[in-house]
Amino acid sequence: MKSSKLGEDGFLQLRDVSKQFGKVTVVDKVSLSIRRQEFFALLGSSGCGKSTLLRIMAGLETPTSGRIVLDGQDITDIPAHRRPVNMMFQSYALFPHMDVASNVGYGLRREGVAKAQIRERVDEALALVQMGSYAASMPAQLSGGQQQRVALARSLVKRPKLLLLDEPMSALDKKIRQQTQFELGSILQKVGVTCLMVTHDQEEAMTMADRLAVMSEGVIVQMGTPEHVYEAPNTRFSAEFIGSTNVFTGALASDGGDVLECDALDRPLQLPHALVHARKGQAVTVSVRPERIRLSWPAGHESPERSEQVCNTAQGVVEQIGYMGSYTLYYLRLPSGRIIMAHVPREVLAGFEREPDYGDTVALRWSVRSLVVLG
């Protein structure tokens, strides 16, 4: 969605929200502040607590402690059907015996809205999702993408202050999912609704969200824009969950130093900056993304690209190769036995006399600036 017209901060506030099932804490003192018209994503693996948090906001679960404030109103104790919140479920939950128009207008009929107004608002909602010509169709006659748009129209027809999306793309195949991500984001931006989505799909969150929060074991481990979370992960979990990465752990060679003695490499690892508060011998973990790794033949190790300031270098043997279209994925075994990943663009490989093949020894290098020190 990437909206450039976000409203004031604190439109939706979660204040130390926790949820326990018996002795198990599923959500642990989560606090969030979401702006008006923001598209916010909760990202995490299964069982991390993100769906429970969504159900708490919808009123389908009661928090063990904490408060939820929406547009200045504390809605913690307000029943689900009275909240200005709508939730679009993973399964879309369309009524199979009702046509599209009846499905979209169901909530309005339950509220006793006049028939003429229902028709007007249903037509408006279906036009918004480009499903007006399917008003008389039954759900079974629609594709997965069309059913999703009907479910979205049903969620928007009540004009909620907050729209909650539970894994909205999971029922779609990859090609339709990628197309629908942009369509859905465009629709929501046009409506101007505040939206919170939960997903385990990194690409979905990175593509659609203005900001995202990474959850693990009931807590938020990092929050920020997709670019910030990807480029500057604060923990090993964030680094490995958002995209793929290479992680090295070692001990500092000196107090507040910028040299790491690392068993994975046959030489010290240069760090991006001095760790002022770190002591000699302290364990430090760093991350470098596969696309930051440069490959060359060993004889060409001293490449002109070394002008990137200081580079870390190594040699590895090609163990696995994956053709990914725009780039090739290499798994390289270092002398220590450690495997390191490198994404090499196809246009870079076109400059090689021949592409590295299984069993070849190649030189690796990566700029010190490409390393991120993890918490």
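For the structure given in this document, a descriptive report is provided here. Being a predicted model, the structure only gives us computed values, none of them experimental. (Residues numbered from 1 in each chain as written. Predicted model: local features only at pLDDT ≥ 70, side-chain atom pairs only at ≥ 80, totals over all residues. Heavy atoms only, no water.)

**Focus: the environment of Gln141**
Line of reasoning, step 1. Examined against the element boundaries, Gln141 turns out to sit in the loop between α3 (115–128) and α4 (144–156).
Line of reasoning, step 2. On the basis of relative accessibility, which here comes to 58%, the residue Gln141 falls in the exposed class.
Line of reasoning, step 3. With 119 residues separating them in the primary sequence, Gln141 and Leu260 have C-alpha atoms 61 Å apart.
Line of reasoning, step 4. Side-chain polar atoms of Gln141 contact the backbone nitrogen of Met138, separated by 2.8 Å. (Helix = DSSP H or I, 4+ residues; strand = E, 2+ residues; numbered from the N terminus. Buried < 20%, exposed > 50% of the residue type's maximum accessible area, 1.4 Å probe, protein only. Polar contact = N/O pair within 3.5 Å; in protein donor to acceptor, adjacent residues only side chain to side chain.)

**Comments concerning the pairing of strand β7 (residues 162–166)**
Line of reasoning, step 1. By the criterion of burial, β7 is predominantly enclosed, with 5 of the 5 residues buried.
Line of reasoning, step 2. On β7, burial covers both faces: Leu162, Leu164 and Asp166 on one face and Leu163 and Leu165 on the other are all buried.

**Looking at the sheet that holds strand β10 (residues 219–224)**
Line of reasoning, step 1. The sheet built from 6 strands is open, its strands ordered β6-β7-β8-β3-β9-β10 with mixed pairing. Two strands bound the open sheet, and with one partner strand each, they are β6 (85–88) and β10. Each neighbouring strand pair of the sheet contributes to a mean axis angle of 20°, computed without reference to strand direction.
Line of reasoning, step 2. Strand direction decides the pairing type here: strand β3 (residues 39–43) and strand β8 (residues 194–199), joined by 5 bridges, are parallel. Paired with Phe40 across the bridge in β8 is Leu196. (Pairing = 2+ DSSP bridges. Axes fitted to C-alpha atoms, helices over the stretch in contact; angles between N-to-C directions.)

**Details of the state of the cysteines**
Line of reasoning, step 1. Overall, the coordinates contain 0 disulfides when judged by the stated rule.
Line of reasoning, step 2. The closest cysteine sulfur to the non-disulfide-bonded Cys48 is located on Cys195, 17 Å from its own sulfur. (Disulfide = S-S within 2.5 Å.)

**Observations concerning the pairing of β8**
Line of reasoning, step 1. Counted residue by residue, β8 has 6 buried out of 6 residues, so it is predominantly covered.
Line of reasoning, step 2. Of the two faces of β8, both are covered, the one formed by Thr194, Leu196 and Val198 as well as the one formed by Cys195, Met197 and Thr199.
Line of reasoning, step 3. Where β7 meets β8, 5 bridges bridge the pair, whose relative direction is parallel. Opposite Leu163, over in β8, you have Cys195 as the bridge partner.

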